[in-house]
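Residue-level structure breakdown
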Amino acid sequence: MNADKITKLILEKIRQLSTKQKFSWEEFNDFNFVVDQREYLDKTLKILGEGSARKVYLLNSKKVLKCAKNDKGLAQNASEIELSNSKYRHLFANVIDFDSKDKLWIVSELVRAVESEEEMARLINYKGDPIDALYEMFANKKNHTKLCDYNKFLCDIYKLALDKKMYTPDITEIMHYGVTPDQRVVLLDYGLTNEISKEHYNSSNSYDDW
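The present account deals with the structure reproduced in this document. (Residues numbered from 1 in each chain as written. Predicted model: local features only at pLDDT ≥ 70, side-chain atom pairs only at ≥ 80, totals over all residues. Heavy atoms only, no water.)

Examining the pattern of salt bridges
Operational definition: Whenever Lys or Arg places a side-chain nitrogen within 4 Å of a carboxyl oxygen from Asp or Glu, that contact is recorded as a salt bridge.
Under the defined criterion, the tally for this structure stands at 11 salt bridges. Because the salt bridges share partners, they merge into one network encompassing Asp42, Glu50, Lys55 and Lys69.

Put into structure tokens, the structure is as follows:
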């Protein structure tokens, strides 16, 4: 890509940012309907990601806002709020604020994705592939006692999954882990439990977006 094209892309990005409506909590809370609130978020905040249940927005340089799109999104938000106040809270990004009435949204700490299994292993002080180790623990029920003696982070993830009946396929994929600004490895999108998966994902129920 030549310099002229790069310059044009930068200028276009600046134009888009300058014309984007500024987000305001007061304006957001003035809307009476969820669909209007979500439309307002789309107009005022950058979208970082979107799944079948929730949409994630960049609130500022340190925070993200997770907004439910349907009933399963509300269920996951409620689960994350509960877990953020549990003894396992050190395994997650900090929840800073949330909708205490309807669980429509959560504000949490902005984290970056883990770059690789090697980076994750270095940050949790584990010699080996941590994702392979977790897979062996959950899929094959191997070596969890030995591993708990060997690495606290992996042991805590295992205990969390059993205690809170977490949806383990998410826990055994590198894409579901992030790194906080203070270099903590944390589990992302941890609101999905086996119960929520069964009720909202593995049923014939249809959950359309609001």
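There is more to say after this.
Re helix α3 (residues 34–44)
The line we're drawing: Note on exposure labels: buried denotes an accessible area under 20% of the residue type's maximum, exposed denotes more than 50%, and partly exposed covers the range between, all computed with a 1.4 Å probe on protein chains only. The way it works is that DSSP assigns letters per residue, a run of H or I at least four long becomes a helix, a run of E at least two long becomes a strand, and they are numbered from the N terminus. In this description, the arc belongs to the directions extending from the helix axis to the C-beta atoms.
Within α3, the full set of buried residues consists of Gln37, Arg38, Tyr40, Leu41 and Thr44. All buried residues of α3 fall inside an arc of 155 degrees around its axis, so they share one side.

Here we look at unusual backbone geometry
Unusually for a residue other than glycine, Lys103 sits at a positive phi of about 65 degrees. Structurally, Lys103 can be placed in the loop between β4 (95–98) and β5 (105–109). Taking the relative accessible area as the measure of exposure, Lys103 reaches 24% and is therefore partly exposed. Phi at Asn125 is positive, roughly 60 degrees, even though this residue is not glycine. Along the chain, the position of Asn125 falls in the loop between α5 (117–123) and α6 (130–139). Owing to a relative accessible area of 66%, Asn125 belongs among the exposed residues under this scheme.

Let's talk about helix α8 (residues 152–164)
Filter applied, for reference: For a helix, the expected span equals 1.5 Å multiplied by the residue count minus one. We define a polar contact as two N or O atoms separated by no more than 3.5 Å, with the added condition that, inside protein, one atom must be a possible hydrogen donor and the other a possible acceptor, whereas residues neighbouring each other in sequence contribute only through side-chain atom pairs.
Taking 1.5 Å of rise per residue, 13 residues should cover 18 Å, and α8 covers 18 Å from first to last C-alpha, within 8% of that figure. Burial in α8 covers these residues: Phe153, Leu154, Cys155, Asp156, Ile157, Tyr158, Leu160 and Ala161. The N-cap of α8, judged by a side-chain oxygen 3.2 Å from the amide nitrogen of Phe153 a few residues on, is Asn151. One or two positions beyond α8, positive phi appears at Lys165, with a value near 55 degrees.

Overview of the sheet that holds strand β7 (residues 177–179)
Let me state the cut-off plainly: The rule for pairing is simple: two strands pair if DSSP sees at least two bridges between them.
The strand order β6-β7-β8 describes an open sheet built from 3 strands, whose pairing is antiparallel. Single-partner strands in this sheet number two, and they are β6 (112–113) and β8 (185–187). Judged from the 2 bridges that link them, β6 and β7 form a sheet pairing that is antiparallel. Residue Arg112 lies in a different strand from β7, and its bridge partner there is Val179.

Observations concerning the sheet that holds strand β1 (residues 46–50)
Pairing between the strands of a sheet is mediated by backbone hydrogen bonds and can be parallel or antiparallel. The condition that has to hold: Only C-alpha atoms enter the line fits that serve as axes; for helices the fit covers just the stretch in contact. Angles between N-to-C directions range over 0 to 180 degrees.
One open sheet accounts for 5 strands, arranged β1-β2-β3-β5-β4; its pairing is antiparallel. The open sheet is flanked by β1 and β4, the only strands paired with a single partner. Neighbour-to-neighbour, the strand axes of this sheet turn through a mean angle of 25 degrees, independent of strand direction. Direction of pairing for β4 relative to β5: antiparallel, over a ladder of 3 bridges. Paired with Phe98 across the bridge in β5 is Ile106.

Some thoughts on the layout of surface pockets
Quick note on the threshold: Definitions used for this entry: grid spacing 1 Å over protein atoms alone; cavity, a set of points where a 1.4 Å probe fits but cannot get out; pocket, an open set with protein on both sides within 12 Å along at least 5 of 7 lines; lining residue, one with an atom within 4 Å of a point. Grid points are joined across faces, edges and corners, and a volume is the space filled by probe spheres set on the points. Classification convention: Asp, Glu, Lys, Arg as charged; Ala, Val, Leu, Ile, Met, Phe, Trp, Tyr, Cys, Pro as nonpolar; all other residues, Gly among them, as polar.
Volume-wise, the largest pocket comes out at about 580 Å³. In this structure, the largest pocket is lined by 26 residues; those nearest its centre are Arg54, Val56, Lys66, Leu188 and Asp189. Taken together, the elements giving at least two residues each to the lining of the largest pocket come down to β1, β2 (54–58), β3 (63–68), α4 (71–84) and β5. Tallying contributions element by element places β1 first for the lining of the largest pocket, with 3 residues. Its residues assigned to classes, the lining of the largest pocket comprises 13 nonpolar, 6 polar and 7 charged.

Remarks on the nonpolar core
What counts, and what does not: To define a nonpolar core, start from buried Ala, Val, Leu, Ile, Met, Phe, Trp, Tyr and Cys residues and group those joined through side-chain atoms within 4.5 Å. For this analysis, residues touch if any pair of their heavy atoms sits within 4.5 Å.
By size, the foremost hydrophobic cluster in this structure holds 27 residues, and its most contacted members are Phe153 and Tyr177. The greatest single-element share of this core, amounting to 6 residues, is contributed by α8. Not counting the four nearest positions on each side in its chain, Phe153 is found in contact with Leu91, Met120, Ile124, Tyr177 and Val185. Core analysis: the next-biggest nonpolar cluster, separate from the first, contains 13 residues, Tyr40, Tyr57, Leu65 and Ala68 among them.

Details of the pairing of β1
When β1 meets β2, the two strands line up antiparallel, connected through 4 bridges. If you follow Glu50 over to β2, its bridge partner there is Lys55. Between β1 and the antiparallel strand that follows it, β2, lie 3 residues.

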